[in-house]
Amino acid sequence: MTNDKSIQLFEQAQKVIPGGVNSPVRAFKGVGGSPLFMNAAKGAYLFDEDGNKYIDYINSWGPMICGHSYEPVTEALRDQVTKALSFGAPTVLETEMATLINKMVPGIDMVRMVNSGTEACMSALRLARAVTGRNKLIKFEGCYHGHADSFLVSAGSGLATFNIQSVPGVTSAVAQDTLACPYNDIDAVRQLVEQHPDQVAAIIIEPVAGNMGCVPPAPGFLEALREICNVNGILLIFDEVMTGFRLAPGGAQEVYNINADILTFGKIIGGGLPVGAYAARAEIMQQVAPSGKVYQAGTLSGNPLAMRAGFALLSALDQDPGIYERINERTRYLHDGLATVFSGKGIPVAINRVGSMISVHFTDKPVVDFNSSAAADSKMFSQYFHHNLAMGVYLPPSAFETWFISDALTQDDLDSTLEAAQSFSPTK
Ligand SMILES: Cc1ncc(COP(=O)(O)O)c(C=O)c1O
(Lines give C-alpha, C1' and ligand atoms only; values in the text may rest on other atoms or scores of the structure.)
Protein backbone atom coordinates (compact mmCIF):
# COMPACT_ATOMS: atom_id res chain seq x y z
CA MET A 1 0.00 0.00 0.00
CA THR A 2 1.56 3.32 -0.98
CA ASN A 3 0.44 6.75 0.15
CA ASP A 4 2.64 8.81 -2.17
CA LYS A 5 -0.19 10.83 -3.63
CA SER A 6 -1.70 11.61 -0.22
CA ILE A 7 1.70 12.74 1.07
CA GLN A 8 2.13 15.02 -1.92
CA LEU A 9 -1.42 16.41 -1.58
CA PHE A 10 -0.84 17.09 2.12
CA GLU A 11 2.29 19.09 1.29
CA GLN A 12 0.33 21.19 -1.18
CA ALA A 13 -2.58 21.63 1.25
CA GLN A 14 -0.31 22.88 4.03
CA LYS A 15 0.70 25.83 1.84
CA VAL A 16 -2.86 27.10 1.54
CA ILE A 17 -4.80 25.67 4.54
CA PRO A 18 -3.60 25.96 8.18
CA GLY A 19 -2.05 22.61 9.01
CA GLY A 20 -3.32 21.33 5.67
CA VAL A 21 -6.77 20.46 7.04
CA ASN A 22 -10.10 22.14 7.70
CA SER A 23 -10.60 20.44 11.08
CA PRO A 24 -7.59 19.66 13.30
CA VAL A 25 -8.01 15.96 14.18
CA ARG A 26 -7.89 15.06 10.47
CA ALA A 27 -4.18 15.95 10.38
CA PHE A 28 -3.09 12.68 12.11
CA LYS A 29 -1.11 14.70 14.69
CA GLY A 30 -2.52 12.46 17.44
CA VAL A 31 -1.06 9.32 15.85
CA GLY A 32 1.78 10.68 13.71
CA GLY A 33 2.28 10.33 9.97
CA SER A 34 0.62 12.00 7.04
CA PRO A 35 -3.18 12.02 6.63
CA LEU A 36 -4.81 10.13 3.79
CA PHE A 37 -6.66 12.20 1.22
CA MET A 38 -9.98 10.61 0.37
CA ASN A 39 -11.46 10.46 -3.07
CA ALA A 40 -14.63 8.36 -2.84
CA ALA A 41 -16.68 6.25 -0.46
CA LYS A 42 -19.31 3.57 -0.94
CA GLY A 43 -21.05 1.48 1.71
CA ALA A 44 -18.53 0.54 4.40
CA TYR A 45 -15.47 1.58 2.41
CA LEU A 46 -13.29 4.60 1.78
CA PHE A 47 -11.08 4.96 -1.30
CA ASP A 48 -8.11 7.28 -1.06
CA GLU A 49 -6.29 9.24 -3.75
CA ASP A 50 -3.70 6.45 -4.12
CA GLY A 51 -6.49 4.00 -4.91
CA ASN A 52 -6.33 2.19 -1.54
CA LYS A 53 -9.51 0.80 -0.01
CA TYR A 54 -10.29 1.00 3.72
CA ILE A 55 -13.00 -0.33 6.02
CA ASP A 56 -14.36 2.85 7.58
CA TYR A 57 -14.86 3.16 11.35
CA ILE A 58 -15.25 6.95 11.34
CA ASN A 59 -18.22 7.27 9.01
CA SER A 60 -17.76 11.03 8.79
CA TRP A 61 -17.69 11.01 12.62
CA GLY A 62 -21.17 9.55 12.78
CA PRO A 63 -23.52 10.63 9.99
CA MET A 64 -22.94 7.64 7.69
CA ILE A 65 -24.88 5.34 9.98
CA CYS A 66 -26.26 3.45 6.95
CA GLY A 67 -22.94 3.55 5.10
CA HIS A 68 -21.59 5.88 2.43
CA SER A 69 -23.57 6.90 -0.65
CA TYR A 70 -26.72 5.50 0.97
CA GLU A 71 -29.16 5.31 -1.90
CA PRO A 72 -32.22 7.01 -0.29
CA VAL A 73 -30.03 10.01 0.57
CA THR A 74 -28.25 10.28 -2.77
CA GLU A 75 -31.56 9.84 -4.60
CA ALA A 76 -33.16 12.67 -2.60
CA LEU A 77 -30.16 14.87 -3.33
CA ARG A 78 -30.23 14.09 -7.05
CA ASP A 79 -33.87 15.10 -7.14
CA GLN A 80 -33.35 18.29 -5.15
CA VAL A 81 -30.36 19.41 -7.24
CA THR A 82 -32.63 19.64 -10.25
CA LYS A 83 -35.12 21.85 -8.33
CA ALA A 84 -33.12 24.41 -6.34
CA LEU A 85 -30.06 24.66 -4.13
CA SER A 86 -31.08 27.49 -1.84
CA PHE A 87 -33.80 30.14 -1.62
CA GLY A 88 -33.30 32.15 1.57
CA ALA A 89 -37.06 31.77 1.95
CA PRO A 90 -39.16 29.18 3.85
CA THR A 91 -39.78 25.73 2.39
CA VAL A 92 -42.10 22.90 3.31
CA LEU A 93 -38.98 20.73 3.62
CA GLU A 94 -38.08 22.52 6.86
CA THR A 95 -41.53 21.91 8.37
CA GLU A 96 -41.38 18.25 7.36
CA MET A 97 -37.94 17.91 8.92
CA ALA A 98 -38.99 19.58 12.19
CA THR A 99 -42.14 17.44 12.33
CA LEU A 100 -40.12 14.24 11.87
CA ILE A 101 -37.57 15.25 14.54
CA ASN A 102 -40.39 16.14 16.97
CA LYS A 103 -41.98 12.77 16.34
CA MET A 104 -38.77 10.78 16.87
CA VAL A 105 -37.34 12.65 19.86
CA PRO A 106 -39.09 12.60 23.26
CA GLY A 107 -40.07 15.77 25.11
CA ILE A 108 -39.70 18.44 22.41
CA ASP A 109 -42.20 20.56 20.49
CA MET A 110 -40.04 22.78 18.31
CA VAL A 111 -36.77 22.65 16.41
CA ARG A 112 -34.53 25.34 14.94
CA MET A 113 -32.20 24.18 12.16
CA VAL A 114 -28.64 25.54 12.02
CA ASN A 115 -25.54 24.56 10.05
CA SER A 116 -23.33 22.69 12.52
CA GLY A 117 -23.17 21.15 15.98
CA THR A 118 -21.11 24.14 17.11
CA GLU A 119 -23.88 26.52 16.12
CA ALA A 120 -26.47 24.33 17.80
CA CYS A 121 -24.64 24.27 21.15
CA MET A 122 -23.73 27.95 21.01
CA SER A 123 -27.37 28.86 20.34
CA ALA A 124 -28.67 26.48 23.03
CA LEU A 125 -26.43 28.16 25.59
CA ARG A 126 -27.61 31.63 24.59
CA LEU A 127 -31.19 30.46 24.90
CA ALA A 128 -30.57 28.91 28.34
CA ARG A 129 -28.99 32.15 29.55
CA ALA A 130 -31.92 34.16 28.24
CA VAL A 131 -34.53 31.86 29.80
CA THR A 132 -32.87 31.74 33.23
CA GLY A 133 -31.39 35.25 33.34
CA ARG A 134 -28.13 33.65 34.55
CA ASN A 135 -24.65 33.53 33.00
CA LYS A 136 -22.72 30.51 34.18
CA LEU A 137 -22.43 27.16 32.47
CA ILE A 138 -21.33 23.84 33.88
CA LYS A 139 -19.66 21.46 31.45
CA PHE A 140 -17.69 18.25 31.88
CA GLU A 141 -13.98 17.76 31.31
CA GLY A 142 -13.43 15.86 28.08
CA CYS A 143 -16.82 16.74 26.59
CA TYR A 144 -16.75 18.70 23.34
CA HIS A 145 -19.61 20.95 22.35
CA GLY A 146 -18.12 22.64 19.31
CA HIS A 147 -15.64 25.47 19.13
CA ALA A 148 -17.68 28.43 20.43
CA ASP A 149 -15.67 30.36 23.06
CA SER A 150 -17.74 29.26 26.06
CA PHE A 151 -17.09 25.58 25.40
CA LEU A 152 -13.34 25.67 24.84
CA VAL A 153 -12.56 24.83 28.45
CA SER A 154 -11.46 21.22 29.14
CA ALA A 155 -12.96 20.43 25.78
CA GLY A 156 -12.15 16.85 24.83
CA SER A 157 -10.74 15.08 21.82
CA GLY A 158 -9.52 17.78 19.45
CA LEU A 159 -7.84 19.88 22.12
CA ALA A 160 -6.64 16.83 24.05
CA THR A 161 -5.08 15.38 20.89
CA PHE A 162 -3.04 18.56 20.54
CA ASN A 163 -2.51 19.02 24.29
CA ILE A 164 -4.09 22.49 24.19
CA GLN A 165 -4.91 23.57 27.76
CA SER A 166 -6.33 27.02 27.13
CA VAL A 167 -7.24 28.56 23.83
CA PRO A 168 -5.70 31.92 22.84
CA GLY A 169 -8.45 34.27 21.73
CA VAL A 170 -10.96 33.11 24.35
CA THR A 171 -11.18 35.99 26.83
CA SER A 172 -10.85 35.27 30.54
CA ALA A 173 -14.29 36.87 31.07
CA VAL A 174 -15.87 34.22 28.86
CA ALA A 175 -13.79 31.39 30.33
CA GLN A 176 -14.76 32.46 33.88
CA ASP A 177 -18.41 31.80 33.15
CA THR A 178 -17.63 28.20 32.18
CA LEU A 179 -17.24 25.87 35.15
CA ALA A 180 -15.83 22.43 34.40
CA CYS A 181 -15.84 19.26 36.48
CA PRO A 182 -15.06 15.58 35.89
CA TYR A 183 -17.56 13.44 33.96
CA ASN A 184 -19.49 11.03 36.18
CA ASP A 185 -18.64 13.01 39.34
CA ILE A 186 -21.99 14.13 40.75
CA ASP A 187 -20.47 15.51 43.99
CA ALA A 188 -18.31 17.86 41.95
CA VAL A 189 -21.43 19.11 40.16
CA ARG A 190 -23.24 19.66 43.47
CA GLN A 191 -20.26 21.58 44.79
CA LEU A 192 -20.13 23.90 41.77
CA VAL A 193 -23.85 24.59 42.02
CA GLU A 194 -23.54 25.35 45.76
CA GLN A 195 -20.56 27.62 45.18
CA HIS A 196 -22.50 29.64 42.58
CA PRO A 197 -26.04 29.92 43.93
CA ASP A 198 -28.61 31.20 41.40
CA GLN A 199 -25.85 31.82 38.85
CA VAL A 200 -25.82 28.63 36.78
CA ALA A 201 -27.98 28.87 33.65
CA ALA A 202 -27.27 25.42 32.26
CA ILE A 203 -25.48 22.13 32.64
CA ILE A 204 -24.43 20.81 29.25
CA ILE A 205 -23.39 17.20 28.79
CA GLU A 206 -22.80 14.57 26.15
CA PRO A 207 -25.18 11.99 27.68
CA VAL A 208 -22.78 9.38 26.38
CA ALA A 209 -19.43 11.10 25.98
CA GLY A 210 -17.79 10.54 22.62
CA ASN A 211 -14.90 12.97 22.72
CA MET A 212 -12.63 11.21 25.23
CA GLY A 213 -13.25 7.89 23.60
CA CYS A 214 -16.70 6.53 24.33
CA VAL A 215 -17.53 7.04 28.01
CA PRO A 216 -20.97 5.98 29.27
CA PRO A 217 -22.74 7.80 32.08
CA ALA A 218 -22.41 5.95 35.40
CA PRO A 219 -25.69 4.41 36.58
CA GLY A 220 -27.80 7.18 38.13
CA PHE A 221 -25.54 10.01 36.96
CA LEU A 222 -27.94 11.51 34.40
CA GLU A 223 -30.86 11.08 36.82
CA ALA A 224 -28.92 12.95 39.51
CA LEU A 225 -28.09 15.76 37.06
CA ARG A 226 -31.78 16.03 36.18
CA GLU A 227 -32.62 16.29 39.87
CA ILE A 228 -29.97 18.97 40.56
CA CYS A 229 -31.28 21.01 37.62
CA ASN A 230 -34.90 20.68 38.81
CA VAL A 231 -34.09 21.75 42.34
CA ASN A 232 -31.89 24.69 41.35
CA GLY A 233 -33.76 26.13 38.35
CA ILE A 234 -30.96 25.13 35.98
CA LEU A 235 -31.64 24.02 32.40
CA LEU A 236 -30.20 20.65 31.41
CA ILE A 237 -28.77 20.55 27.89
CA PHE A 238 -28.12 17.16 26.32
CA ASP A 239 -25.64 17.55 23.50
CA GLU A 240 -26.88 14.75 21.25
CA VAL A 241 -24.70 15.74 18.31
CA MET A 242 -23.16 12.25 18.42
CA THR A 243 -25.82 10.23 20.24
CA GLY A 244 -28.92 11.70 18.58
CA PHE A 245 -30.58 9.24 16.17
CA ARG A 246 -27.53 6.95 16.59
CA LEU A 247 -28.21 5.25 19.91
CA ALA A 248 -31.94 5.03 19.19
CA PRO A 249 -34.50 6.97 17.10
CA GLY A 250 -34.97 9.18 20.18
CA GLY A 251 -31.25 9.28 21.02
CA ALA A 252 -29.83 9.06 24.54
CA GLN A 253 -33.03 10.51 26.00
CA GLU A 254 -34.86 7.41 24.81
CA VAL A 255 -32.14 4.98 25.91
CA TYR A 256 -31.81 6.42 29.44
CA ASN A 257 -35.43 7.55 29.76
CA ILE A 258 -34.46 11.06 30.91
CA ASN A 259 -35.55 14.25 29.21
CA ALA A 260 -33.28 17.27 29.04
CA ASP A 261 -34.63 20.82 28.70
CA ILE A 262 -32.75 21.67 25.51
CA LEU A 263 -31.25 19.26 23.00
CA THR A 264 -28.60 19.85 20.39
CA PHE A 265 -28.11 17.81 17.23
CA GLY A 266 -25.69 17.65 14.32
CA LYS A 267 -23.99 15.10 12.08
CA ILE A 268 -26.67 12.48 11.34
CA ILE A 269 -29.47 14.99 10.87
CA GLY A 270 -27.72 16.26 7.73
CA GLY A 271 -27.23 12.78 6.29
CA GLY A 272 -23.67 13.89 5.48
CA LEU A 273 -24.40 17.52 4.69
CA PRO A 274 -23.53 20.33 7.13
CA VAL A 275 -26.49 20.62 9.50
CA GLY A 276 -27.20 21.11 13.19
CA ALA A 277 -30.33 21.83 15.22
CA TYR A 278 -31.49 22.69 18.69
CA ALA A 279 -34.84 21.76 20.14
CA ALA A 280 -36.92 22.11 23.30
CA ARG A 281 -40.43 22.44 24.63
CA ALA A 282 -42.51 25.20 23.04
CA GLU A 283 -42.30 27.63 25.98
CA ILE A 284 -38.49 27.61 25.69
CA MET A 285 -38.22 27.64 21.89
CA GLN A 286 -40.82 30.42 21.55
CA GLN A 287 -38.18 32.75 23.03
CA VAL A 288 -36.06 32.38 19.89
CA ALA A 289 -36.40 35.17 17.27
CA PRO A 290 -38.63 36.03 15.54
CA SER A 291 -41.23 34.72 18.00
CA GLY A 292 -39.03 35.86 20.90
CA LYS A 293 -36.04 38.12 21.49
CA VAL A 294 -33.19 35.59 21.56
CA TYR A 295 -31.64 36.42 18.21
CA GLN A 296 -30.20 33.60 16.16
CA ALA A 297 -30.14 33.38 12.37
CA GLY A 298 -28.48 31.69 9.39
CA THR A 299 -28.43 32.43 5.66
CA LEU A 300 -28.18 28.74 4.76
CA SER A 301 -30.07 27.33 7.77
CA GLY A 302 -32.69 24.83 6.63
CA ASN A 303 -30.96 24.59 3.26
CA PRO A 304 -33.08 22.46 0.88
CA LEU A 305 -30.30 20.00 0.02
CA ALA A 306 -29.45 19.48 3.67
CA MET A 307 -33.14 19.04 4.57
CA ARG A 308 -33.68 16.47 1.84
CA ALA A 309 -30.57 14.48 2.81
CA GLY A 310 -31.36 14.61 6.51
CA PHE A 311 -35.03 13.80 6.03
CA ALA A 312 -34.18 10.76 3.86
CA LEU A 313 -31.76 9.40 6.46
CA LEU A 314 -33.94 10.08 9.50
CA SER A 315 -36.94 8.55 7.73
CA ALA A 316 -34.95 5.37 7.14
CA LEU A 317 -33.99 5.26 10.83
CA ASP A 318 -37.58 5.96 11.85
CA GLN A 319 -39.03 3.27 9.63
CA ASP A 320 -36.53 0.47 10.17
CA PRO A 321 -35.68 -0.17 13.84
CA GLY A 322 -33.79 -3.23 12.57
CA ILE A 323 -30.94 -0.85 11.69
CA TYR A 324 -30.30 -0.28 15.41
CA GLU A 325 -30.44 -3.98 16.20
CA ARG A 326 -27.92 -4.70 13.43
CA ILE A 327 -25.40 -1.96 14.24
CA ASN A 328 -25.59 -2.65 17.97
CA GLU A 329 -25.07 -6.36 17.39
CA ARG A 330 -22.09 -5.70 15.09
CA THR A 331 -20.57 -3.42 17.70
CA ARG A 332 -21.07 -6.06 20.39
CA TYR A 333 -19.40 -8.66 18.11
CA LEU A 334 -16.45 -6.33 17.57
CA HIS A 335 -16.22 -5.59 21.29
CA ASP A 336 -16.24 -9.27 22.28
CA GLY A 337 -13.79 -10.17 19.51
CA LEU A 338 -11.32 -7.41 20.36
CA ALA A 339 -11.53 -8.19 24.09
CA THR A 340 -10.74 -11.87 23.36
CA VAL A 341 -7.86 -11.04 21.02
CA PHE A 342 -6.20 -8.53 23.36
CA SER A 343 -6.60 -10.68 26.43
CA GLY A 344 -5.08 -13.61 24.49
CA LYS A 345 -2.09 -11.39 23.76
CA GLY A 346 -1.80 -10.16 27.35
CA ILE A 347 -2.37 -6.56 26.25
CA PRO A 348 -4.36 -4.67 28.90
CA VAL A 349 -7.29 -2.94 27.29
CA ALA A 350 -10.48 -1.13 28.33
CA ILE A 351 -13.14 -1.31 25.65
CA ASN A 352 -16.09 1.01 26.13
CA ARG A 353 -19.29 0.61 24.15
CA VAL A 354 -22.76 2.05 24.08
CA GLY A 355 -24.94 0.95 21.17
CA SER A 356 -22.92 1.52 18.00
CA MET A 357 -20.29 3.75 19.64
CA ILE A 358 -17.12 2.00 20.79
CA SER A 359 -13.56 2.89 21.80
CA VAL A 360 -10.42 0.96 22.64
CA HIS A 361 -8.11 2.26 25.40
CA PHE A 362 -4.79 0.58 26.16
CA THR A 363 -4.99 0.63 29.95
CA ASP A 364 -5.66 -1.82 32.77
CA LYS A 365 -8.05 0.62 34.50
CA PRO A 366 -11.65 1.47 33.66
CA VAL A 367 -12.10 4.59 31.51
CA VAL A 368 -14.83 6.65 33.16
CA ASP A 369 -13.76 10.24 32.62
CA PHE A 370 -11.16 12.40 30.88
CA ASN A 371 -8.29 11.66 33.27
CA SER A 372 -8.70 7.89 33.03
CA SER A 373 -8.94 8.19 29.24
CA ALA A 374 -5.82 10.37 29.08
CA ALA A 375 -3.92 7.91 31.31
CA ALA A 376 -4.16 5.16 28.65
CA ASP A 377 -1.14 4.33 26.49
CA SER A 378 -1.47 6.70 23.53
CA LYS A 379 1.79 5.46 21.95
CA MET A 380 0.34 1.97 21.75
CA PHE A 381 -2.85 3.40 20.25
CA SER A 382 -0.77 5.14 17.55
CA GLN A 383 0.94 1.86 16.71
CA TYR A 384 -2.40 0.08 16.63
CA PHE A 385 -3.86 2.79 14.41
CA HIS A 386 -1.03 2.55 11.86
CA HIS A 387 -1.09 -1.24 11.93
CA ASN A 388 -4.80 -1.13 11.09
CA LEU A 389 -4.26 1.42 8.35
CA ALA A 390 -1.66 -0.84 6.72
CA MET A 391 -4.24 -3.65 6.89
CA GLY A 392 -6.93 -1.53 5.23
CA VAL A 393 -8.84 -0.58 8.40
CA TYR A 394 -9.42 3.13 8.96
CA LEU A 395 -9.85 3.97 12.66
CA PRO A 396 -10.22 7.47 14.14
CA PRO A 397 -6.73 9.03 14.19
CA SER A 398 -6.80 9.79 17.93
CA ALA A 399 -7.15 7.74 21.10
CA PHE A 400 -9.71 10.30 22.28
CA GLU A 401 -12.22 9.59 19.53
CA THR A 402 -15.11 7.16 19.35
CA TRP A 403 -15.46 4.67 16.50
CA PHE A 404 -18.82 4.75 14.75
CA ILE A 405 -20.27 1.52 13.39
CA SER A 406 -22.38 1.59 10.24
CA ASP A 407 -25.10 -0.67 8.90
CA ALA A 408 -22.99 -1.22 5.78
CA LEU A 409 -20.25 -3.20 7.58
CA THR A 410 -20.26 -6.89 6.70
CA GLN A 411 -19.28 -9.88 8.79
CA ASP A 412 -16.10 -10.12 6.67
CA ASP A 413 -15.26 -6.49 7.49
CA LEU A 414 -15.62 -7.15 11.20
CA ASP A 415 -13.54 -10.32 10.96
CA SER A 416 -10.83 -8.46 9.00
CA THR A 417 -10.75 -5.92 11.80
CA LEU A 418 -10.32 -8.69 14.37
CA GLU A 419 -7.55 -10.23 12.21
CA ALA A 420 -5.80 -6.86 12.21
CA ALA A 421 -5.95 -6.86 16.01
CA GLN A 422 -4.67 -10.46 16.05
CA SER A 423 -1.60 -9.59 13.98
CA PHE A 424 -0.83 -6.47 16.05
CA SER A 425 2.35 -6.67 18.08
CA PRO A 426 3.24 -3.43 19.85
CA THR A 427 6.86 -2.40 20.20
CA LYS A 428 7.98 -0.62 23.35
C1 LIG B 1 -20.84 16.09 21.03
C2 LIG B 1 -20.49 17.13 20.02
N3 LIG B 1 -21.05 18.34 20.10
C4 LIG B 1 -20.79 19.30 19.20
C5 LIG B 1 -19.91 19.09 18.17
C6 LIG B 1 -19.65 20.16 17.17
O7 LIG B 1 -20.22 19.84 15.96
P8 LIG B 1 -19.66 20.45 14.59
O9 LIG B 1 -18.33 19.84 14.36
O10 LIG B 1 -20.69 20.06 13.58
O11 LIG B 1 -19.59 21.93 14.78
C12 LIG B 1 -19.31 17.84 18.04
C13 LIG B 1 -18.36 17.58 16.95
O14 LIG B 1 -17.68 16.60 16.89
C15 LIG B 1 -19.59 16.83 19.00
O16 LIG B 1 -19.02 15.63 18.94
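Residues numbered from 1 in each chain as written. Predicted model: local features only at pLDDT ≥ 70, side-chain atom pairs only at ≥ 80, totals over all residues. Heavy atoms only, no water.

Digging into helix 14 (residues 378–390)
Counted at 1.5 Å a residue, the expected span for helix 14 with its 13 residues is 18 Å, and the 18 Å between its end C-alpha atoms agrees. Buried positions along helix 14 lie against strand 3 (53–56), helix 12 (322–345), strand 12 (357–361), strand 13 (393–394), strand 14 (403–404) and helix 15 (411–422). Two or three places before Lys-379, at the opening of helix 14, Asp-377 has a side-chain oxygen 3.1 Å from that residue's backbone nitrogen. Residue Gly-392 follows helix 14 closely and has a positive phi angle near 85 degrees. (Helix = DSSP H or I, 4+ residues; strand = E, 2+ residues; numbered from the N terminus. Expected span 1.5 Å × (residues − 1). Contact = heavy atoms within 4.5 Å. Polar contact = N/O pair within 3.5 Å; in protein donor to acceptor, adjacent residues only side chain to side chain.)

Notes on the pattern of salt bridges
What the rule picks out here adds up to 17 salt bridges. Residue Arg-190 pairs with Asp-187 through a salt bridge whose shortest N-O separation is 3.3 Å. You can see Arg-190 and its partner Asp-187 sitting in helix 7 (residues 186–195), 3 residues apart, about one turn around the helix. Residue classification places Arg-190 among the partly exposed residues on the basis of a relative accessible area of 37%. Residue class for Asp-187 comes out exposed when judged on its relative accessible area of 52%. A salt bridge links Asp-261 to Arg-226; the shortest N-O distance between them is 2.9 Å. In this pair, Asp-261 sits in the loop between helix 9 (251–256) and strand 9 (262–265) while Arg-226 sits in helix 8 (residues 221–232), placing the two residues 35 residues apart along the sequence. Relative accessible area serves as the criterion here: at 7%, Asp-261 is assigned to the buried category. Look at the salt bridges and you will find they share partners, linking Arg-226, Asp-261, Arg-281 and Glu-283 into a network. (Salt bridge = Lys/Arg side-chain N within 4 Å of Asp/Glu carboxyl O. Buried < 20%, exposed > 50% of the residue type's maximum accessible area, 1.4 Å probe, protein only.)

Points about the site of the ligand
All residues in the neighbourhood of the ligand are listed as Ser-116, Gly-117, Thr-118, Tyr-144, His-145, Gly-146, Glu-206, Asn-211, Asp-239, Val-241, Met-242 and Lys-267. Here Tyr-144 contributes a backbone N or O atom positioned 3.3 Å from a nitrogen atom of the ligand. Taking Lys-267, its side chain carries an N or O atom lying 2.9 Å from an oxygen atom of the ligand. In terms of residue class, the shell around the ligand is made up of 3 nonpolar, 6 polar and 3 charged. (Near = heavy atom within 4 Å. Nonpolar A, V, L, I, M, F, W, Y, C, P; charged D, E, K, R; others polar.)

A word on the sheet that holds strand 11 (residues 350–354)
Spatial strand order, 11-12-14: 3 strands in an open sheet with antiparallel pairing. Each edge of the open sheet carries a strand with a single partner, namely strand 11 and strand 14. Two strands pair when backbone bridges link them, and strand 12 and strand 14 are joined in this way by 2 bridges, in the antiparallel orientation. In the sheet register, Ile-358 faces strand 14, and the bridge partner there is Trp-403. Packing of helix 12 onto the sheet brings it into contact with strand 11, strand 12 and strand 14, and relative to strand 11 it is tilted by some 175 degrees. (Pairing = 2+ DSSP bridges. Axes fitted to C-alpha atoms, helices over the stretch in contact; angles between N-to-C directions.)

Considering the side chain of His-68
Mapped onto the elements, His-68 comes out in the loop between strand 3 and helix 2 (71–81). A distance of 2.6 Å separates a polar atom in the side chain of His-68 from a polar atom in the side chain of Asp-56. Setting aside anything within four residues of it in sequence, one finds His-68 in contact with Ala-41, Lys-42, Gly-43, Tyr-45, Leu-46, Asp-56 and Asn-59.

Some remarks on helix 4 (residues 117–132)
If you check helix 4, its first and last C-alpha atoms are 22 Å apart, about what 16 residues at 1.5 Å a residue would give, namely 22 Å. Listed in full, the buried residues belonging to helix 4 are Gly-117, Thr-118, Glu-119, Ala-120, Cys-121, Ser-123, Ala-124, Leu-125, Leu-127, Ala-128 and Thr-132.

A word on the sheet that holds strand 13
What the 4 strands build is an open sheet, ordered 1-2-3-13; its pairing is mixed. Edge positions in the sheet fall to strand 1 (38–42) and strand 13, since each of these pairs with one other strand and no more. Relative to strand 13, strand 3 is paired through 2 bridges, and the arrangement is parallel. Bridging from a neighbouring strand, Asp-56 pairs with Tyr-394 of strand 13.

Side note on the packing of aromatic side chains
Summed over the entire model, instances satisfying the criterion amount to 14 aromatic pairs. Ring centres of Phe-362 and Phe-424 lie 6.2 Å apart, and the angle between their planes is 40 degrees; on these two criteria the pair is classed as tilted. On the criterion of sequence distance, the pair formed by Phe-362 in the loop between strand 12 and helix 13 (370–374) and Phe-424 in the segment after helix 15 is long-range, its members being 62 residues apart. Each member of the pair, Phe-362 together with Phe-424, is buried. Over the face of the ring belonging to Tyr-45 we find Lys-53, whose NZ or CZ atom lies 4.2 Å from the ring centre. (Phe/Tyr/Trp six-rings, centres within 6.5 Å; stacked < 30°, edge-to-face > 60°. Lys NZ or Arg CZ within 6 Å of the ring centre and 35° of its normal.)

A closer look at the nonpolar core
The biggest cluster of nonpolar side chains holds 64 residues, and the ones touching the most others in it are Ile-101, Phe-140, Ile-203, Leu-225, Phe-245, Leu-314 and Leu-317. Sort the elements by how many residues they give to this core and helix 11 (residues 304–319) lands first, with 8 residues. With residues up to four places along the chain from it excluded, the contact list for Leu-314 reads Met-97, Leu-100, Ile-101, Met-104, Phe-245, Ile-268 and Ile-269. (Core = buried A, V, L, I, M, F, W, Y, C linked by side-chain atoms within 4.5 Å.)

Observations regarding the pairing of strand 9
Of the two faces of strand 9, both are covered, the one formed by Ile-262 and Thr-264 as well as the one formed by Leu-263 and Phe-265. Here 3 bridges tie strand 8 (residues 235–239) to strand 9, and the two strands are oriented parallel to one another. The partner of Ile-237 across the bridge, within strand 9, is Ile-262.

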